[in-house]
Each structure stands twice: as C-alpha cells, then as structure tokens.
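Descriptive analysis of the structure
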Amino acid sequence: GPWTFERINVPAKYPCTSPFIRLEGDFCGEPMSGIWILSFMIFGMVSSSMGLASGGIAFIDWVRQFIFSSFLILLILPFFTTILLIGGKDSRRLRIIHLIAWGMAIGIVLLIAFSSFSGPRWELLWGIWLFIGLAVSILVLELLNLTRSIKNNKKVV
C-alpha cells in the first residue's frame with residue numbers, strides 16, 4: 001500500500017487524474033509503496049557513493065544520505081531477526097533483540113508517517129498504517145510471550 005507521495009507540480013486550475021491525488025496548492029501526488037522506499041534507499045546509497053568517489057557530491061551530502069538510508073534499514077531488520085528466531089535456538093537475548101528491532105521499525109515508520117516525506121495527506125497512506133498496526137501487534141504478542149516465559153520460569157538460554 002501507499003507509504004508516501006511523489007510530488008508533481010500541477011497548477012490548481014488543472015485536475016489531478018488517477019492515480020494522482022491533489023495534495024495542496026499546485027501539487028498532485030502519486031502514491032508510492034513501501035517497496036519503493038526500500039528501492040530508493042538502495043539506489044540512493046549506490047548513487048551517492050558513486051558521486052562521492054567521482055567528486056560529484058560533497059562528503060557532508062553523502063553522510064546525510066548514508067544516515068537516512070541507515071535509518072531505513074531498520075525497516076527490514078525485524079525480517080532478519082524473525083528468521084534468526086525461527087531458524088536458531090531460542091534465547092532470551094535474541095528475543096529481546098527482536099523486540100528492539102520491532103520497536104525501532106515502529107519508530108522509523110512513525111517518523112516517516114508524520115514527516116514532510118509523507119506529505120500533507122498522511123491519512124490516505126494506508127500501507128504505512130497497516131505496517132504500524134502489524135508491528136504494534138507483533139510487538140505486543142512478543143512481549144506477552146517473553147513475559148509469560150519469564151513468569152513460568154522457563155529456562156531460556
């Protein structure tokens with residue numbers, strides 16, 4: 001589902017036709033998915049690194065791009081911690097790392113949802129709200145599972 005809008009300048013006297021949505025003033029937006037954000041992250045890292053190597057981008061601009069892309073990596077971190085939990089041995093440390101990964105993913109998604117990156121029509125971005133609902137549900141269930149195993153004094157190494 002849509003996570004953000006790609007802004008396009010369309011004077012207010014002209015209509016925005018589907019799939020574009022009037023955002024504000026002279027801007028329409030095309031809804032962009034979460035997969036688009038991840039591909040933007042990868043492309044941004046590669047192109048900014050090439051620009052840094054060729055001298056086409058300043059070091060401070062590369063640092064800004066690197067930090068932004070690093071934050072977006074937190075969106076896919078819970079996927080990898082889930083794989084580790086499924087495939088590896090059950091440990092309390094890994095469960096806590098998994099909870100932290102989901103918490104950081106929720107924080108980054110909320111930052112995206114309420115930032116200017118999402119635009120003025122954030123209520124239409126159902127993909128990001130679906131991710132937030134899923135992540136909060138998983139976080140609550142994982143917390144309940146962890147506290148239950150601690151309460152039952154189950155030995156988890």
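Everything numeric in this text was worked out from a predicted model, so none of it was measured.

**Structural notes on the environment of glycine 127**
Structurally, glycine 127 is set in helix α5 (residues 126-151). Glycine 127 sits in the buried class, given a relative accessible area of 6%. On a C-alpha basis, the gap between glycine 127 and isoleucine 86 in space is 26 Å, while along the polypeptide they are 41 residues apart. Residue contacts for glycine 127: discarding those within four places in its chain leaves Gly1, Pro2 and Trp3.

**Observations regarding unusual backbone geometry**
Omega for the peptide link from serine 18 to proline 19 comes to 15 degrees, which places this bond in the cis form. Looking at the element boundaries, proline 19 is found in the loop between β1 (2-9) and β2 (21-24).

**Some remarks on the nonpolar core**
In terms of nonpolar packing, the biggest core is built from 23 residues, with Trp3, Leu72, Leu75, Val109, Ile128 and Phe131 touching the most fellow members. Put simply, the parts of the chain that give this core at least two residues each are β1, α1 (34-54), α4 (92-114) and α5. Broken down by element, the residue count for this core peaks at 8 residues, all from α4. Among residues more than four places away in sequence, those in contact with leucine 75 are Trp3, Leu38, Ala105, Ile108, Val109, Ile112 and Phe131.

**A word on the packing of aromatic side chains**
On inspection of all chains with the given rule, the structure shows 5 aromatic pairs. With centroids separated by 5.4 Å and ring planes inclined at 75 degrees, the aromatic side chains of phenylalanine 79 and phenylalanine 80 adopt a geometry described as edge-to-face. Owing to a relative accessible area of 45%, phenylalanine 80 belongs among the partly exposed residues under this scheme. Between tryptophan 102 and phenylalanine 131, the ring centres sit 6.2 Å apart and the planes meet at 35 degrees, which makes this aromatic pair tilted. Of the two residues, tryptophan 102 is situated in helix α4 and phenylalanine 131 in helix α5; the sequence distance between them amounts to 29 residues. Each member of the pair tryptophan 102 and phenylalanine 131 is classed as buried. Through a chain of ring-to-ring contacts, three or more aromatic side chains come together here, namely Trp3, Trp102 and Phe131.

**A few points about the pattern of salt bridges**
Here the structure, examined in full by the defined rule, presents 2 salt bridges. A salt bridge links arginine 7 to glutamate 24; the nearest nitrogen and oxygen atoms lie 3.6 Å apart. Residue arginine 7 is located in strand β1, and its partner glutamate 24 is located in strand β2; the two are separated by 17 residues in the primary sequence. A relative accessible area of 38% means that arginine 7 is categorised as partly exposed. Of the residues examined, glutamate 24 reaches a relative accessible area of 41% and is grouped as partly exposed.

**A few points about the layout of surface pockets**
Taken as a whole, the largest pocket spans an internal volume of roughly 190 Å³. Lining the largest pocket are Trp3, Gly34, Ile35, Leu38, Leu75, Ile76, Pro78, Phe79, Trp102 and Phe131. Elements represented by at least two residues in the lining of the largest pocket include exactly α1 and α3 (77-87). With 3 residues, the top contributor of residues to the lining of the largest pocket is α1. Residues belonging to the lining of the largest pocket are distributed by class as follows: 9 nonpolar, 1 polar and no charged.

Definitions and cut-offs
Residues numbered from 1 in each chain as written. Predicted model: local features only at pLDDT ≥ 70, side-chain atom pairs only at ≥ 80, totals over all residues. Heavy atoms only, no water. Helix = DSSP H or I, 4+ residues; strand = E, 2+ residues; numbered from the N terminus. Buried < 20%, exposed > 50% of the residue type's maximum accessible area, 1.4 Å probe, protein only. Contact = heavy atoms within 4.5 Å. Core = buried A, V, L, I, M, F, W, Y, C linked by side-chain atoms within 4.5 Å. Phe/Tyr/Trp six-rings, centres within 6.5 Å; stacked < 30°, edge-to-face > 60°. Salt bridge = Lys/Arg side-chain N within 4 Å of Asp/Glu carboxyl O. 1 Å grid on protein atoms, 1.4 Å probe; cavity = no way out; pocket = protein on both sides within 12 Å on 5 of 7 lines; lining within 4 Å. Points joined across faces, edges and corners; volume = space filled by probe spheres on them. Nonpolar A, V, L, I, M, F, W, Y, C, P; charged D, E, K, R; others polar.

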